[in-house]
Amino acid sequence: MKKERKEEKKKRTRQGGAVLLLGAELDEHDEPTDEMRGRVRLAAQEYRQGDAGVIVACGGILPGHSRAEADVMADLLCGEGIPSHAVRLEDRSQNTMENIRYAAALLGDVKERRLLVVTSDYHLHRAKATARRLGLCVKGRGVKMPHNASWWVLWLKERCYMIDLRMGWQDEGRKRPEWTRRLFDRIFGSRS
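Below is a summary of the structure that appears in this document.

Reading the values: rules and limits
- For every chain, the first residue of the written sequence is number 1, and numbering continues from 1 along that sequence.
- Given that this is a predicted model, residues contribute local features only at a pLDDT of at least 70 and side-chain atom pairs are listed and counted only at 80 or more, while totals for whole chains, interfaces and linings are drawn from all residues.
- To obtain the side-chain values, all non-hydrogen atoms of the structure were used and water was disregarded.
- Think of it this way: any DSSP run of H or I at least four residues long counts as a helix, any run of E at least two long counts as a strand, and we number them from the N terminus.
- To sort residues, take the accessible area from a 1.4 Å probe on protein chains only and compare it with the maximum for the residue type: under 20% means buried, over 50% means exposed, and anything in between is partly exposed.
- Note on contacts: a residue pair is in contact if any heavy atoms of the two residues lie within 4.5 Å.
- Method for areas: the Shrake-Rupley scheme with a 1.4 Å probe, in which residue coverage is limited to the protein chains shown.
- The criterion is simple. A nonpolar core is a set of buried Ala, Val, Leu, Ile, Met, Phe, Trp, Tyr and Cys residues joined through side-chain atoms within 4.5 Å.
- Between 30 and 60 degrees the pair is tilted, below 30 it is stacked and above 60 it is edge-to-face, where a pair is any two Phe, Tyr or Trp rings, Trp via its six-membered ring, whose centres lie within 6.5 Å.
- Residues are said to line a cavity or pocket when one of their atoms sits within 4 Å of a point; the points come from a 1 Å grid over protein atoms alone, cavities being sets where a 1.4 Å probe fits but cannot get out and pockets being open sets with protein on both sides within 12 Å along at least five of seven lines.
- Grid points are joined across faces, edges and corners, and a volume is the space filled by probe spheres set on the points.
- Gly is placed with the polar residues, together with every amino acid not listed as nonpolar (Ala, Val, Leu, Ile, Met, Phe, Trp, Tyr, Cys and Pro) or charged (Asp, Glu, Lys and Arg).
- Exposure above 30% relative accessible area and the absence of a salt bridge qualify a residue for a patch, where like charges join within 9 Å and nonpolar side chains (Val, Leu, Ile, Met, Phe, Trp, Tyr) within 5 Å.
- We define a salt bridge as a side-chain nitrogen of Lys or Arg found within 4 Å of a carboxyl oxygen belonging to Asp or Glu.

## Some points on the overall build of the protein
Counting secondary structure elements, the protein contains seven helices and five strands. For the protein, the sequential pattern of α-helices and β-strands runs α-β-α-β-α-β-α-β-α-β-α-α. Burial analysis of the protein (192 residues in total) assigns 47% to the buried set. Summarising the internal contacts of the protein: among those between residues at least 6 apart in sequence, 67% fall at separations of at least 24. Taken as a whole, the protein presents about 11,000 Å² of accessible surface, with 51% of it coming from carbon and sulfur.

Okay, here's the thing in structure tokens:
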């Protein structure tokens with residue numbers, strides 16, 4: 001009897017839960033980076049634990065690339081043993097806000113689902129704040145990234161994007177003022 005209840009609970013959890021696997025930019029040859037591979041492994045681990053019935057791989061084709069991040073992650077998930085019926089593609093987004101907005105639209109009634117955002121550790125705070133801004137209740141897991149020489153740039157960029165978020169510049173129908181875009185480009189380069 002106990003075993004049956006446990007199996008039923010696991011089945012209900014799978015039906016209601018979803019992992020939002022946020023993309024990471026591909027390398028110069030349109031191949032996955034170590035960061036993307038880490039995110040995929042973590043999402044696959046969460047799926048195998050039975051906490052989610054679907055993984056939404058998020059990420060479109062970024063400028064300078066010819067493949068959508070979501071397509072590459074779907075291939076990696078397949079390599080991790082995740083069945084194709086458990087993977088949905090959100091392949092048109094260009095940023096975190098669009099990742100989460102479009103993934104939520106794919107899932108339908110997200111207010112009734114348990115959502116887990118999977119990304120990198122430096123990005124996790126903003127990803128969860130973005131989901132909350134969209135009215136979603138999420139938990140999050142972040143892949144630990146090495147603290148190398150470029151880590152502080154990622155950390156600083158995330159803090160700047162949090163200002164964007166708090167100012168509402170990422171809300172639908174709004175955009176960051178041109179002066180802030182020029183400032184970002186000057187500090188972080190033109191791909192920010």
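## Overview of the nonpolar core
Judged by nonpolar contacts, the single largest core of 28 residues is most densely connected at Leu21, Met36, Ile55, Leu77 and Ile82. Listed by contribution, the elements that provide at least two residues to this core are strand E1 (17-21), helix H2 (34-48), strand E2 (54-58), helix H3 (69-79) and strand E4 (114-120). Sequence-distant contacts of Ile82, that is, excluding residues within four places in its chain, are made with Ala44, Tyr47, Arg48, Ile55, Leu77 and Val87. By size, the runner-up hydrophobic cluster in this structure holds 16 residues, among which are Ala18, Leu22, Val54 and Leu107.

## Let's talk about the side chain of Arg101
With respect to the helices and strands, Arg101 occurs in helix H4 (residues 96-107). In this structure Arg101 touches Leu134, Gln170, Asp171 and Glu172, once residues within four positions along its chain are discounted.

## Comments concerning the packing of aromatic side chains
Enumeration according to the criterion identifies two aromatic pairs in this entry. Look at Phe184 and Phe188: their rings are 5.4 Å apart centre to centre, the planes differ by 65 degrees, and that puts the pair in the edge-to-face class. In this pair, Phe184 and Phe188 are both assigned in helix H7 (residues 178-188), four residues apart and thus about one turn of the helix distant. You can call Phe184 buried: its relative accessible area is 6%. Judged by its relative accessible area of 17%, Phe188 falls in the buried class.

## So, the layout of surface pockets
Quantified by volume, the second largest pocket comes out at close to 270 Å³. Every residue lining the second largest pocket is counted, 13 residues in all, and those nearest its centre are Asp51, Arg114, Leu115, Leu116 and Lys139. Elements represented by at least two residues in the lining of the second largest pocket include exactly E1, E4 and strand E5 (138-143). Each residue belonging to the lining of the second largest pocket can be placed in one class, and the counts come to seven nonpolar, one polar and five charged.

## Some thoughts on a nonpolar patch on the surface
On the surface, a nonpolar cluster with roughly 330 Å² of combined accessible area is contributed by Trp179, Leu183 and Ile187. Along the chain, Ile187 turns up in helix H7.

That's the geometry; what it means functionally is another story.
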